[in-house]
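Coordinate analysis (summary)
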Amino acid sequence: MKKKNVIQRTIIIAIVTIVGIYLVIGPRGRRPRLNDFTWSGVKANLANNIRLGLDLKGGSHLVMRVRVDKYLAKLTTDNAAAARKAAEDAGFQIKDARAETTGGYRFVVEAADPAKLSEIENAVKQKVDVSSWTSSISGSTISWTLPATAQGLLAEQATVQAQRIIEGRLDQFGVAEPLVQRHGSQSSYRILVQMPGIQDPERVKELMKAQSRLELVHVISSPAPSGLQSYGTREEALATLGSGGTIPQNRRVLPYSERDEPASAGDTPTQPQTEKEKRWVVVENPPVIDGSELRNATAVQASGGVNDYQISFALKPSGADKFSKWTGANINEYMGVVLNDEVKSAPYIKGQIYDQGEITGRFTQKSAEDLALTLRSGALPTDIEYQEERTVGPSLGADSIRSGVKASLYGLLFVVAFMLFYYRGSGINAVIALLLNMILMLAGVIVFGATLTLPGIAGMILTIGMAVDSNVLIFERIREELRAGKTVPSAVDQGFDRAIVTIIDTHVTTVVSSLFLFVFGTGPLRGFAVTLILGLVINLFSAVYVSRTIFMWLLRRKRRAQTLSV
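Predicted model, so just to flag it, every value in this text is computed and none were measured.

In terms of regular secondary structure, the protein chain is built from 14 helices and 19 strands. In the protein chain, which comprises 566 residues, the share counted as buried stands at 45%. Taking as baseline every contact in the protein chain between residues at least 6 positions apart, the subset at least 24 positions apart corresponds to 71%. Accessible area for the protein chain stands at about 27800 Å²; split by element, carbon and sulfur atoms hold 56% of it.

This is the structure:
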């Protein structure tokens, strides 16, 4: 065995070992200091480097479903209102526009003059995105139907959007290393959220499902200086529509908590805000702009006192352009700031407004900051409902860690004792490979950003068995070659050559099985699969490459070795 070959192998193993140890116990994101290598420093770095799962660290586990049925129903209703407005803006008379959401999703526009239907259809196409809808003309109506494939596509888009918004909200809220991923089949539209370290998830839950749907609308009222037209009851407001108690598609009746409002948009109240009786107002539908045009939102202290906060917001260029045109054309008209279907404030337009506005109200600092956060992260496309909730306490997680570490150590000690007893000197070789396997496996978990869970620890323990199994296979082959009368160097070479094929076969089949677990499994199963795959891949290096290098080094020292302790 060539000296150069052994040296090259030793250098490679030394580099891999040093890098692996540093990844496990070294600091991350900064230069190492001397106290990083004290016992307390090593423990602190280890805790910081390895990301623990919910079952080890404690925290909250939530499964939620995105209400795609409500999303599609609202989309249909909004399109019906938008189609009516587009047709009327184009100068056509519309007898009715309605949404039908039972047994499918369809909106219908009924024209006063059936001869104009084709022109109405073109006018709607120019203002409303109906690219996913199938239109048909019958009698005096045009109907747009959403096909099943388009329903699935839009539902999937809503779920993906909801997932991104939830991730953004958790990130801005400061939840450390949350896990947000799809759960169950694709058509279940469910999202799994795990928040390690969060023991009281109520505020986060409220934050995640908060709609925070912001709209700026035109309030139907006489212009200033006349006061805002509001009504004492919802029925009173409905009666002004003259539609027999139903609400036309182009109108909405919303509650309005009358307050000490600014005299005009952009002004601030002169007195502390005091809540008055709830009243009702009629507003135009669709809104002038909505929260999707929002660029930023921040909670700021209002002039009403230290506990009075409001939210200042800024619009994107596209929203600002639309908003400035509307405000410029509606001087002295009243504009409603609607949040979650409730009018929060209704100042009149004193002058053209471009890209700034504010939401006033009796907000505390906490509620204002939460609202600003949800506005910044964007409105959820629809409601979400919680289907499963579980909280793991930190003491239970600590018990799990202790149990897992204890099981790993006992398993390791037993295997070490057996290998040293049964294979004597060669057992040391196996122990070195085994320890290196453990270190590199932890390094792999850190490098790939995997989360170590309780099943993950089970995967590590199983890997110990797989790792020692490879050494047993090699050593038994070497024994057979020695019994057959081969020299020691020849027996070692033949033993490794004959065992390597079997080792690769067993490892590949197990890795393939683990890959299926990773692809189709959920959180805990995936943690098990990740550690098992990492352990098996590393085992090919430690049990074969490292172990053989140690034998090469020993045989090089004893050029005419007659026996081998195996």
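Now, onward.
Let us now look at the confidence of the model for the protein chain. Confidence in the prediction for the protein chain averages 81 pLDDT; 89% of positions are at 70 or higher. No element of the protein chain has a lower mean pLDDT than strand β17 (residues 356–363), at 69, and none a higher one than strand β6 (residues 141–145), at 93. Ignoring residues within four places in sequence, the model shows residues 259–274, a span with pLDDT below 50, making 39 contacts including any to other chains.

A few words on the nonpolar core. Counting residues in hydrophobic clusters, the biggest one holds 44 residues, and the most contacted among them are M419, I474, F475, I478, V492 and F551. The set of elements that each furnish at least two residues to this core consists of α1 (3–25), α11 (394–447), α12 (454–483), α13 (488–520) and α14 (523–557). If one sorts the elements of this core by residue count, α11 sits on top with 15 residues. Ignoring anything within four residues of it in the chain, the contact list for I478 reads A491, V492, G495, F496, F551 and L564. Formed by 26 residues, the second largest nonpolar core is a distinct cluster that contains Y71, I94, F107 and V128.

Here the focus is the sheet that holds strand β5 (residues 134–138). Read across the sheet, four strands follow the order β3-β4-β6-β5 without closing on themselves; strand pairing throughout is antiparallel. Strands at the two margins of the open sheet, each flanked by one partner only, are β3 (94–100) and β5. In this sheet, adjacent strand axes meet at a mean angle of 15 degrees when their direction is disregarded. Two strands pair when backbone bridges link them, and strand β4 (residues 106–111) and β6 are joined in this way by five bridges, in the antiparallel orientation.

This next bit is on the pattern of salt bridges. According to the stated counting rule, one finds 23 salt bridges in the structure shown. The partner of K95 in a salt bridge is E110, and the shortest N-O contact between them spans 3.8 Å. Separated by 15 residues along the polypeptide, K95 in strand β3 and E110 in strand β4 bring together distant segments of the chain. Close ionic contact of E121 with K125 constitutes a salt bridge, the shortest N to O distance being 4.0 Å. On the criterion of helical spacing, the pair formed by E121 and K125 is a turn pair, its members being four residues apart in helix α5 (residues 117–127). Classification of K125 by relative accessible area gives partly exposed; the value is 47%. One connected set of salt bridges, linked through shared partners, spans R477, E480, E481, K486 and R498.

Between helix α4 (residues 68–89) and α5, the least distance of the axes is 8 Å, while the angle of their chain directions is 115 degrees. When you trace α4 past α5, the crossing you get is right-handed. Seen from α4, the contacting residues are A83, A86, A87 and D89; seen from α5, they are I120, A123, V124 and K127. Its residues placed into classes, the contact of α4 with α5 shows six nonpolar, no polar and two charged.

Rules of the game
- Position numbers for residues start from 1 in each chain and track the written sequence from start to end.
- Residues qualify for local features only when their pLDDT is at least 70, as the model is predicted, and side-chain atom pairs are given and counted only at 80 or more; totals for whole chains, interfaces and linings, by contrast, use all residues.
- Side-chain descriptors were evaluated using all non-hydrogen atoms of the structure, hydrogens and water having been removed beforehand.
- The way it works is that DSSP assigns letters per residue, a run of H or I at least four long becomes a helix, a run of E at least two long becomes a strand, and they are numbered from the N terminus.
- Classification of residues uses two cut-offs on accessible area relative to the type maximum, computed with a 1.4 Å probe and protein chains only: under 20% is buried, over 50% is exposed, and between them is partly exposed.
- By definition, residues are in contact when any of their heavy atoms lie within 4.5 Å.
- Note on areas: Shrake-Rupley, 1.4 Å probe, and residue coverage restricted to the protein chains presented here.
- A score from 0 to 100, pLDDT tells how confident the predictor is in each residue.
- The criterion is simple. A nonpolar core is a set of buried Ala, Val, Leu, Ile, Met, Phe, Trp, Tyr and Cys residues joined through side-chain atoms within 4.5 Å.
- Only strands that DSSP links by at least two bridges are regarded as paired with each other.
- Inter-axis angles, ranging from 0 to 180 degrees, are taken between N-to-C directions of lines fitted to C-alpha atoms, where helices are fitted over the stretch in contact.
- Here, a salt bridge means any side-chain nitrogen of Lys or Arg that lies within 4 Å of a carboxyl oxygen of Asp or Glu.
- Crossing handedness is defined as follows: a turn of the near helix away from the far one that is anticlockwise and smaller than a right angle gives a left-handed crossing, while the clockwise case is right-handed.
- Throughout this entry, Asp, Glu, Lys and Arg are counted as charged residues, while Ala, Val, Leu, Ile, Met, Phe, Trp, Tyr, Cys and Pro are counted as nonpolar. The remaining residues, Gly among them, count as polar.

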